[in-house]
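In case you want the letters, here they are:
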Amino acid sequence: MSTDPQSSSTATRDTVLSVSDVNVSYGKVQALRDVSLSVGEGEVTSVIGPNGAGKSTLANAISGFKSFDGVIEYRGSSVHGRPPESIVESGLIHCTESRNLFGFMTVDDNLELGSYQRGDVAERKSLVYELFPRLDERRNQRANTMSGGEQQMLAIARALMSDPDLLILDEPTLGLAPIILEDISDGIDAIQSEGVTVLLCEQNVTFAMDHADEIHLLENGEIVRSGSPAMLRDDDYIRESYLGG
Ligand code: ATP
């Protein structure tokens, strides 16, 4: 089904990720249609959209979990046909919607074992605990006894253990109470302050607007709006459909 396009080397020095005319189908269901976007160095780029819009499919195509037609380049090289582990090795880390924690293991063990290790483990761990003091307090707590928000934080922290260059966060706010969102928010700010480039897939439009430099609205597999948060806040369709008028 998929073609294997050559790397077109269209990425500029400031572009970490470039997605061009990407199509993905599950049988007869076309989940992504001609999706194009780019992610700039050190920026938070967000893909927003309702349930089933195709956000996770896009994240999975980028990180090697779903085959696609079109071109996806990370740091100027095509990811087409590369296995997920090779993509991870090059610094593109995907924190999935399902979190995938080891429930019966402690916070500390999840951090050590759950990530694909790049760089110095002890150094990374102390940085991660510094960024997430709530996890530091719970080093020896089993992951499955933590709150939803704490588990999400652990999933993000574990992704940070791999010293990401580009971090894909798929729905980090899913199912979390508004008060917990502040912690996740602080986490994303901390990640950005470390210079990590972020692709944030989010259904929570307000949350995405508070963090993103650039936003793309995905509906039924197609990007229907793109722009800065300020531009999209002024867009009548976005205001009426996603921001409560
Ligand atoms: P959500 O926020 O609910 O996770 P999403 O924006 O991440 O939604 P996707 O999970 O990417 O959306 O789904 C996009 C479309 O692809 C949907 O119509 C979904 O039903 C379909 N889809 C996703 N995964 C599969 C699969 N494994 N098999 C068949 N169809 C799938």
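Use the structure listed above.
Residues numbered from 1 in each chain as written. Predicted model: local features only at pLDDT ≥ 70, side-chain atom pairs only at ≥ 80, totals over all residues. Heavy atoms only, no water.

Caption draft 1: Broad picture of the overall build of the chain. Counting its secondary structure elements, the chain contains 10 helices and 10 strands. The globule rule puts the C-alpha radius of gyration for 245 residues at 18 Å, and the 18 Å found for the chain is close to it. By its C-alpha atoms, the chain is 45 × 45 × 35 Å across when sized along the principal axes. Looking at the chain residue by residue over its 245 residues, the buried ones come to 49%. Of the contacts formed within the chain by residues at least 6 apart in sequence, a portion of 67% connects residues at least 24 apart. Carbon and sulfur atoms form 46% of the exposed surface of the chain, whose accessible area is close to 10900 Å². Side-chain charges of the chain comprise 19 positive and 39 negative groups, with the mean position of each set lying 4 Å from the other. (Helix = DSSP H or I, 4+ residues; strand = E, 2+ residues; numbered from the N terminus. Rg over C-alpha atoms; globule rule 2.2 N^0.38 Å. Buried < 20%, exposed > 50% of the residue type's maximum accessible area, 1.4 Å probe, protein only. Contact = heavy atoms within 4.5 Å. Areas by Shrake-Rupley, 256 points an atom, 1.4 Å probe, with all protein chains shown as cover. Lys, Arg positive; Asp, Glu negative; His and termini not counted. Charge placed at Lys NZ, Arg CZ, Asp CG, Glu CD.)

Caption draft 2: Representation of the site of the ligand. Lining the immediate surroundings of the ligand are 13 residues, of which Gly-52, Lys-55, Ser-56, Thr-57 and Glu-171 lie closest. The backbone of Gly-52 places a nitrogen or oxygen atom 2.8 Å from an oxygen atom of the ligand. Between an oxygen atom of the ligand and a side-chain N or O atom of Gln-203, the distance comes to 3.5 Å. Considering every element that reaches the shell around the ligand, the biggest residue donor is helix H1 (residues 55–62), with three residues. In the shell around the ligand, the residues fall into four nonpolar, six polar and three charged. (Near = heavy atom within 4 Å. Polar contact = N/O pair within 3.5 Å; in protein donor to acceptor, adjacent residues only side chain to side chain. Nonpolar A, V, L, I, M, F, W, Y, C, P; charged D, E, K, R; others polar.)

Caption draft 3: Up close: the pairing of strand E7 (residues 166–170). Judged by how many residues are buried, E7 sits mostly within the fold: five of five residues are covered. Of the two faces of E7, both are covered, the one formed by Leu-166, Ile-168 and Asp-170 as well as the one formed by Leu-167 and Leu-169. Note: E7 against strand E8 (residues 197–202), five bridges, orientation parallel. For Leu-169, the partnering residue across the bridge sits in E8 and is Leu-200. This β-α-β element, E7 to helix H7 (residues 178–193) to E8, shows right-handed connectivity. (Pairing = 2+ DSSP bridges. Right-handed = clockwise from strand over helix to strand, strands pointing away.)

Caption draft 4: Examining the sheet that holds E8 more closely. Within the open sheet, the six strands sit side by side as E6-E7-E8-E3-E9-E10. Their pairing is mixed. The open sheet has two edge strands with one neighbour each: strand E6 (92–95) and strand E10 (222–227). If you compare each strand with its neighbour and ignore which way they point, the axes differ by 15° on average. Helix H6 (residues 148–161) rests against E6 and E7 of the sheet, and its axis sits at about 170° to E6. (Axes fitted to C-alpha atoms, helices over the stretch in contact; angles between N-to-C directions.)

Caption draft 5: Seen up close, the nonpolar core. Counting residues in each nonpolar core, the largest one holds 44 residues, and the members touching the most others are Phe-132, Leu-135, Leu-154, Leu-167 and Leu-169. It is H6 that contributes the most residues to this core, eight residues altogether. Residues contacting Phe-132, with those up to four places away along its chain left out, are Met-153, Ile-156, Ala-157, Leu-160 and Gly-187. In terms of nonpolar packing, the next biggest core, distinct from the first, is built from 26 residues, Val-22, Val-39, Ala-53 and Leu-166 among them. (Core = buried A, V, L, I, M, F, W, Y, C linked by side-chain atoms within 4.5 Å.)

Caption draft 6: Looking closely at unusual backbone geometry. A positive phi angle is found at Arg-75, which is not glycine, with a value near 50°. On the secondary structure map, Arg-75 appears in the loop between strand E4 (69–74) and strand E5 (77–78). Of the residues examined, Arg-75 reaches a relative accessible area of 34% and is grouped as partly exposed. Even without being a glycine, Asn-220 presents a positive backbone phi close to 45°.

Caption draft 7: Structural detail: the packing of helix H4 (residues 121–131) against H6. For the pair H4 and H6, interaxial distance at closest approach is 9 Å and the crossing angle is 145°. Both H4 and H6 take part in a crossing whose hand is right-handed. Of H6, the residues touching H4 (which contributes Val-121, Arg-124, Lys-125, Val-128 and Leu-131) are Ala-157, Leu-160 and Met-161. Split into classes, the residues belonging to the contact of H4 with H6 amount to six nonpolar, no polar and two charged. (Left-handed = near helix turned anticlockwise from the far one by under 90°.)

Caption draft 8: Representation of the environment of Pro-229 in the model. Looking at where Pro-229 falls in the secondary structure, it is placed in helix H9 (residues 229–233). Sequence separation of Pro-229 and Gly-149 is 80 residues, and the distance between their C-alpha atoms is 25 Å.

Caption draft 9: How the structure looks around the pattern of salt bridges. In the structure shown here, the tally under the stated rule is 15 salt bridges. Of the charged contacts in the structure, one is a salt bridge between Glu-41 and Arg-75, with a shortest N-O distance of 2.9 Å. Here Glu-41, found in the loop between strand E2 (29–40) and strand E3 (44–48), pairs with Arg-75, found in the loop between E4 and E5; they are 34 residues apart in sequence, far enough to count as distant. When salt bridges with common partners are traced through the structure, they connect Arg-134, Glu-137, Arg-138, Glu-150 and Asp-183 into a single cluster. (Salt bridge = Lys/Arg side-chain N within 4 Å of Asp/Glu carboxyl O.)

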